[in-house]
Every structure is written in structure tokens, then in C-alpha cells.
Amino acid sequence: MDIPVFILAGLLVHFVFLVSIFDIYFSSPLVHGMTPQQTPLPPPAKRLVLFVADGLRADSLYELDGNNTSHAPYLRAILENNGSWGISHTRVPTESRPGHVALIAGFYEDVSAVAKGWKENPVEFDSVFNESKYTWSWGSPDILPMFAKGATGDHVYTFCYTAESEDFGAQDASKLDTWVFDHVKSFFNSSRSNQTLFSALNEEKVVLFMHLLGIDTNGHAHRPNSREYKENIRKVDEGVKEIASMLESFYGNDGKTAFILTSDHGMTDWGSHGAGHPSETLTPLIVWGAGVNYPQQVTSQFFEDNVLKEWKLENLKRLDVNQADIAPLMASLIGVPFPLNSVGTLPLEYLNNSAHFKAESMFTNAVQVLEQFKVKMNQKKATTLSFLFTPFKPLSDPEQINFLKKTRLYIQQQKYDEAVSLCKTLINLALEGLSYYHTYDRLFLGLSIAMGFVGWTTYVILVIVKTHTNLTKTVQSSDKESAALLYGFTFVGMMITFFLLIQTSPWTYYIYCLLPVPVWYAVMRELHVIQNLTANLWSLPISQSLGFILISILGIEILVFSFFYRATLTVGLLVFAGWPVITQLWVQAKTTTLIWTVLCALLAVFPLMPVVGREPNIPLVIAAGLLTLLISGFSLASSCKSENKYRKNEDMKVHFYQMLTIALSTYVVSNTHNSLKNKQGLPVFNQIISWTTLVSSSVLPLLSPTFLFQRLFSILLSLMATYLLLSTGYEALFPLVLSGLMFVWIHMEQEALQHYGLSLKPKLAVFNFAYATDITQFRQLHLDDIRRSFFFVFFIVTAFFGTGNIASVNSFDPASVYCFLTVFSPFMMGGLLVLKVVIPFVLVSCAFEAVQVTTQLSSKSLFLIVLVISDIMALHFFFLVKDYGSWLEIGTSISHYVLVMSLTMFMMLMNGLAQLLTTKRLDLSRRTKHHAT
């Protein structure tokens, strides 16, 4: 197989492996075609007011300050005297869009929303707003439109401020909340002179929704323990008080208004959210007004978090709910049908109503969840052969009828507690059944993907052995054997296709199930290579073979472990520090070995540091900038001393310009930080410099000479200028230490090459990338090259996790991008943060390119070994993917698999980028001379 075809096949196979995880674990759980279910009794409230304080933590609202006073005195008085309270437990990912969908539609959103930046509707869904007669909403343009877009008919109205208002660098983000409260007041005032609007507002089944983004924006910009965050809570409290008072007066104190205040997600102490830390998943819930229970006094109550005493709320009954339970609560209060896709269970303890009403509401809830189960079951039944279909036994058709009959009988006999208990059992069983049918094909698909994985990895190993080693002899296979093999695999493929066709399976199933067929066909065609390889391995001493296999397994296990525990990287780097001693390399290169050991030990410190972004430290970023300037100054001085290094003035100019960008970046970081601290926003001059630096950093290295160290140093300076702008603390020093180690690694590999007597040592000082691709000089692979490839994968993983585990969503810190923009833009901010992660990655890739060419290996041979190592890791993570346990564990296991798969695909692209950055040169001088003549 020629190289372009092989790379395309590799990218395609890995893309299928990557996408498969979303089909297997993350397909949308929603079903359509259910009948709406509504409680038959009159509801207690005519209208519902929903306040969602975005990013509000439960402890921030409920705790008391040093003077024993609350940050929200009005809401505190409500929960002590007028309403019910508790904690709403959210699920991962703790982001605004999934949080609002859980609150208003009653289901937990699948990951397909990630692709839409949590804004658009990836799947159509029903919501309380859609079921209401009228909904008016005020707030963020990121949240409100998705509920209006998903609604049938023209009855959900939105009033949004501009997206530009969501500025993390603004003077005071609480103005976003003030905007909402002011617009609600003026809206009700204007209705007095608008008879149509006045009539609509006085209808039943009306929802008023206020999305309050100020707290979240202040939390990101200043952290949740800041004065600004707490002050914003106080302003929200005052706003809620004014709105409640205004509504009571507008409706003539008719006692038909229900109020709910909650949050979509919390926030970590370092001002981020997305993962499953308790500070992100515990949100407040306060409910009062029509149909809501009054505070219930208790003598004792136990919760694992032990915070009631601290909040001085131990004698008021705390009623905890899951976030999706709030949707059925809202539907029950105003008497609208429960949202069709809701998986919430109505929290009865919040209701102040008759036992009959509660039992009927619970029955409605149970039938609504059961409807989803029935649709899901029928869908699965229709696409599975009858003799292969295994139904969910606890809810077979007779069982369903039995449950419903029994419950209805209990309600008729006024045995309401028994009816409620039976409904709760039915809801739990229906949810279990939904999950059962949703994951019905998981094992079958998982085995298909695993087969493809093992086949592909085996094929790559065979390609390495066949084309880059002397272990096998070329053998011509007979035409008969080839034809038999081809017909055999074609027959298997046709059988799989037929089997999927009669089951009317989705088109993606064909890809996952048919992919292993051509892959294993390619493997079986190389049967003679497998036989030769086996014979060669048997000829080796068993202790040697076992030792090699054990070391390989241990190395890959260390890499896998490092995804869970960053400290594993420290252990690995300390072992690397001792590598020259173990292999006796230090005897021939004492100075290089000493520098290698010192830099390994320095780099080993980074994985022990706290995750980036939690504690900003701008002086360290400035120190990193000054240190880079100092090193580049020394480099310039040494270049000037040695003759003929800089052939032209242009090379000197490029170096000076790069030093200038480092100096400017350092200034911009310092100045922007001070400006935002003083609430003066992001200066336009700083923004222009930041974006100019970002654009120029990809071009400048191509203007420098292609001599090995000059080109690598130029790449470091260009990328360092951008990295400084994206840094907030100690991580600014990371690329410097990493690059230092990479420079020494290139030297060490030269020593290793000489040590094993594989080739003569080239002079690195005059080594030129542009002339390094002479094909005749490539050698065959040696066992030590596997160690070389392992070093590369280890350094890549260190580049990823050295300054924090980006597999966790909550290590996303918007402060990193404040030199570029402060207005909320998820894709732009996400892109810049990905760039920050990629920069150390590029440095390692370029160093690996240098190692390949200086050790006289074709880039393909070493890269194939890297591919095998990363594929074995990916297979490991494929089996570690969970769909049980805590939401944090589920999310982490999936993000690890996605990371390793992306890494493998990314390394294919990085290989090309590294070649471009190291070998190509833009020569501007020739062009200018041409114009001058």
C-alpha cells in the first residue's frame, strides 16, 4: 500500500473508531410520538414565574457571612417563612444549555449538543414553555431562542440583550440582570395600555421566565468568592423582591402565582464549570407561592454534605431533587401536560395540595414516562429479528397493564399513599427499561469496533516488520490462495450486510460491522510475514522476549495511568533522567547527560503543580517572557561570534523581530491584567498586538535558516510569543523547559546511535533540514527505535497533561484568552484554548522530526511505531469507557477515549506540519532584489 493511500485509510479507520463512541454511548435518548399526559384535576396556580440565576452555587446563596447575615435577605426570609427549599442536583456536563434543558424540558441532554456550542437545537424536544398557553422570557441570546425555536405555534416570546453585552472584562456584569428586571417592569407597565397583551397576561397556564446571567459572568471574571459575585447575588435578591411585589400588585394579590428560583449549574472556586465537582453540581432551589408547601420544621435531618449547620438551616426541612424533577413540578403547578421527553419524578413534598391531587399528578407522571418506554420498545422490536429480540421482562405488556389497573384502583379506593408508591416504582422501572433499549446494541457494536481495532493494529505491525526490518523474507503467495481469501472475506461481508438489511439497521451499523472485514483481509494476506515473525521470535532467548514484552506493557500502562494521575508523568520523567546511567550512555557524553538529567527533573515538577487557571500568577508569566528574551539574547550573541552562521542581514532581522514580539507579548499580558483588574476592559491596542502576534507566529519560523538548531529555536520563539498571551500562571515556563529538554534529546539520540554502532555521528551544528531527505541514507529499524518512539509518545502526553488535565471540562478558564477577547464566544474561546494545548505539541513534533532525520530513519517507520503505541492505548480506553457510576467518571472515561483517538489522528497531521515548519523556507530577499533592478 503506498503512503498517501495508507495515511488516508488510517485517518478513515480512526475517524470511524472515534465517531463510533458517540453512536454506542452518546446517541440521542429522545423518542417521538407519545401522547401528552395532563393531571385531570384543577391546578393550584394560574401562572408560574421562573428565575434562573446562571452559575449560582447553592452554598453562595444559603451561607451566612461573618455578621450572620445572608447575601440574599429576601430569599432567606422566603425559605424561612413562606416556601420550600432544597438542593437541585445537576448532571455533567454542568453547562448552561444542558442545565436549562433539564430544568425546562425535564431530560438530560446528550453530547450531540456539544457540536452546536450548547446553543441550537440538535434534536427537537418538548418543554414546559411549549406546553404553556403563553411564555414570556427575558435574558441571554444564548439560551432563550432555543426554547422559542422548539415551540409549536407562536406563543413563546423572547426579549434578549445583545451577545456583545456578555463581556467578562466589563465594568460590572450585574447590569445584565438589571436589564432583565427593568425590561420586565416596563413590559407589565406597557400592558396596562395594551388590551390584547393585558388579556393574554391574565390567562391561565402562563409562564414568565427570567434568565439572569450576571452571576455566571462575574464568577468567570472574578471567581465565586469575590466581592463582585456576592454583590451580584444581593442585586438578584433585590430584583426578585421587586418583581414578586410588582406581580402581586398587578394581579391584585389573587394568590394564583407560583415562584421558582434555581440555577442551571454551579461554579468551581477558580471560576469555571462543566465537570462534576460538588461546587458545580449543587444548585439552590427555592419554591413559594400558589400550591407550594410552607416551611416544615424538623428536629433533625441527615445529609452527606453536612452543610446545614453551617447554613443555620438544620431545623427547616431540606427537600433535594434531581434537576430534571423541576420540569414536572412546574407542569403540575400550572396544570399543563408534562413535557413529552421528561424523565423527572414529581417532587410531591413541594406541593401543598390534597392527597388526591398528588396521587393523580404522580399517576400522570408515571404514564408519561411509560409512554416513552413503550415507543422505545416498539422501535427496537421493529428493527430486530423476532427470535433475537429479548424484551425487558419487568415491564412486559401484562405487567404494564397490571401496574396501571392496580394504581387506578388504589386511587378509586382513596389509598393515595399506596398509589403514589406504585407510581414511583413504575417510573423507576420505565426509566430502567428506557436505558435497556437505548443500550440494546451496545455489546454487539462494541465487539465489532474492537475487532476492527485489533485488526488495524496487527496490520500496522506487519507493515513495519515487512518494510522497515530485515526479519522477513519476501514470499510470493499463489493466485489460488489469494482468490480463495478474497472470496471468503467477500462472502463474510455479504452475510453481515444481509443480516443488517433484514433488521433495517441504521447506515452507521453497516460501517462499524463491515470495517473489520477489509482490515482482517489485509492482515490475512500477510500470513507469511506472521509465520516468519513467529519463527524469528522463537529463535530468541525466552527471557529476552518476555523482558521486552513486559517492558512494553509497563510503558503503555504508565501512559494510560498518566491520563488519570498526572503524577505518573513525574515518575516517568525521573526514570528518563536515569536512562543514560542504566544504558551506560553517560560514559561517552557526561555533560549532555548532566543537562538531560537536570531538565528531566525540572520538567517532572510541572505535573505535580495544581491544574492551570486556578490561581493566576501574572508575575510568573512576565518572568517567563524575560527569561525567553535573555536566552534569545545569548543565542544572538553566540551566533554573531561564530562566523558565517547568519549569511544575510534578513536572518538577523527575523531574530530581532521575534525578540520584539516576545517583549510585546510580555507587556500585553501585564497591561491587560491590570486593565481588567481596574475594570477598564480589554484595551484595543493590546487586542491588535495579540492577534497580530498570533498570525505572525505561523509565518516567522519559515523566514529563518533551515539549520537544525536555528530553525528549532525560531519555532520556539514564535510559538512562545503566542503562548505567553494565553498564559495566566506557572504554565508560561512549561514550553521553555520542554524545549530545553527537546534540544538535549536530539543530542542524546545522537549519542545513543553511536553507542549502538548504528551510524557515524553527524555534526548537528551544521545539519540542515532542507538537505536531510536523501533517501539512500535511511537505515532499517533497530530495537532501540521502539524506545525512541515511546519517548515521543511520552513527551506528547506530557505536553498535553503537563500543566493540567484538559480532559476535564472545568479546567477551561476563560482568563487564558482575555488578551484576545473578553466577550463570551464559546467557539472562539475554545479554539484559542485548543491552540494553547497544541503549542507544546508542535514543539515536541518538531523535535521528533529532527530526531528522525538525524538518526537516518524515514519518518514513516518511526511514525508507524508511534501509531501502534497510541492505538494500543486507545483500545485500552475503549474498554475503560463507562456508562455507570458517577457522571464525572462516565464523562472522564469518554473524554479519555476521544482524546487518545484525536491524538492519533492529530499526530498524523502534526507529522506533516512538523515537516513543513522544519524544512520549508520563504526567501523574501530574492524577491525584493528582483523588484529593485
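Within each chain, residues carry numbers counting from 1 in the order of the written sequence. Two thresholds apply to this predicted model, a pLDDT of at least 70 for residue-level local features and 80 or more for giving and counting side-chain atom pairs, whereas whole-chain, interface and lining totals are computed over all residues. Side-chain figures throughout are based on the complete set of non-hydrogen atoms in the structure, without hydrogens or water.

**Q** Sorry, what's going on with the overall build of the chain here?
**A** When you go through the chain residue by residue, the secondary structure sums to 34 helices and 8 strands. By residue count, 55% of the 933 residues in the chain fall in the buried class. Look at the contacts in the chain between residues 6 or more apart in sequence, and 79% of them connect residues 24 or more apart. In short, Shrake-Rupley with a 1.4 Å probe defines the accessible areas, and a residue's cover is counted only from the protein chains shown. Accessible area of the chain: about 39,800 Å², with a carbon and sulfur share of 63%. The way it works is that DSSP assigns letters per residue, a run of H or I at least four long becomes a helix, a run of E at least two long becomes a strand, and they are numbered from the N terminus. Three exposure classes are used, based on accessible area relative to the maximum for each residue type with a 1.4 Å probe and protein chains only: buried under 20%, partly exposed in between, and exposed over 50%. Should any heavy atoms of two residues lie within 4.5 Å, those residues are counted as being in contact.

**Q** Please explain the pattern of salt bridges as it appears in this structure.
**A** For side chains of opposite charge, pairing can occur when their charged atoms come near one another. Here, a salt bridge means any side-chain nitrogen of Lys or Arg that lies within 4 Å of a carboxyl oxygen of Asp or Glu. On inspection of all chains with the given rule, the structure shows 18 salt bridges. Arg318 is the salt-bridge partner of Asp320, the closest N and O atoms lying 2.8 Å from each other.

**Q** How do you make sense of helix H14 (residues 355-382) when you look at a structure like this?
**A** Think of an α-helix as 3.6 residues a turn; residues three or four steps apart then line up on the same face. Its 28 residues place the ends of H14 41 Å apart at the C-alpha level, agreeing with the 40 Å of an ideal helix rising 1.5 Å per residue. Of all 28 residues in H14, 20 are buried; the element is thus mostly enclosed. The span you would expect from a helix comes to 1.5 Å times its residue count less one.

**Q** Help me understand the pairing of strand S7 (residues 282-289), please; the structure alone is not making it clear to me.
**A** Along any regular strand, the residues point their side chains to alternate faces of the sheet. Counting buried residues in S7 gives 7 out of 8 residues, a clear majority hidden from the surface. Two strands form a pair only when DSSP identifies at least two bridges running between them. The pairing of strand S2 (residues 84-89) with S7 spans 6 bridges and is classified as antiparallel. Looking at the pairing, Gly86 lines up with Leu285 of S7. In this structure, strand S6 (residues 257-262) lies alongside S7, joined through 5 bridges in antiparallel fashion. The partner of Ala258 across the bridge, within S7, is Gly289.

**Q** Could you clarify how one ought to interpret the confidence of the model for the chain in this entry?
**A** Low-confidence regions, as indicated by low pLDDT, have predicted coordinates that should not be scrutinised in detail. By definition, pLDDT measures how confident the predictor is in each residue, and it falls between 0 and 100. Here the chain averages 85 in pLDDT, while 89% of its residues score no lower than 70. Confidence drops under pLDDT 50 across residues 114-122; counting only partners more than four residues distant or on other chains, this segment forms 26 contacts.

**Q** Mind showing me how you'd approach the nonpolar core here?
**A** Among soluble globular proteins, nonpolar side chains are generally buried collectively. Residues grouped as a nonpolar core are buried Ala, Val, Leu, Ile, Met, Phe, Trp, Tyr and Cys residues, joined through side-chain atoms within 4.5 Å. Counting 141 residues, the largest nonpolar core has Trp596, Trp745, Phe795 and Met873 as its most contacted members. Among the elements that make up this core, the one with the highest residue count is helix H31 (residues 826-854) (16 residues). In terms of nonpolar packing, the next biggest core, distinct from the first, is built from 67 residues, Ala290, Leu370, Leu422 and Leu426 among them.

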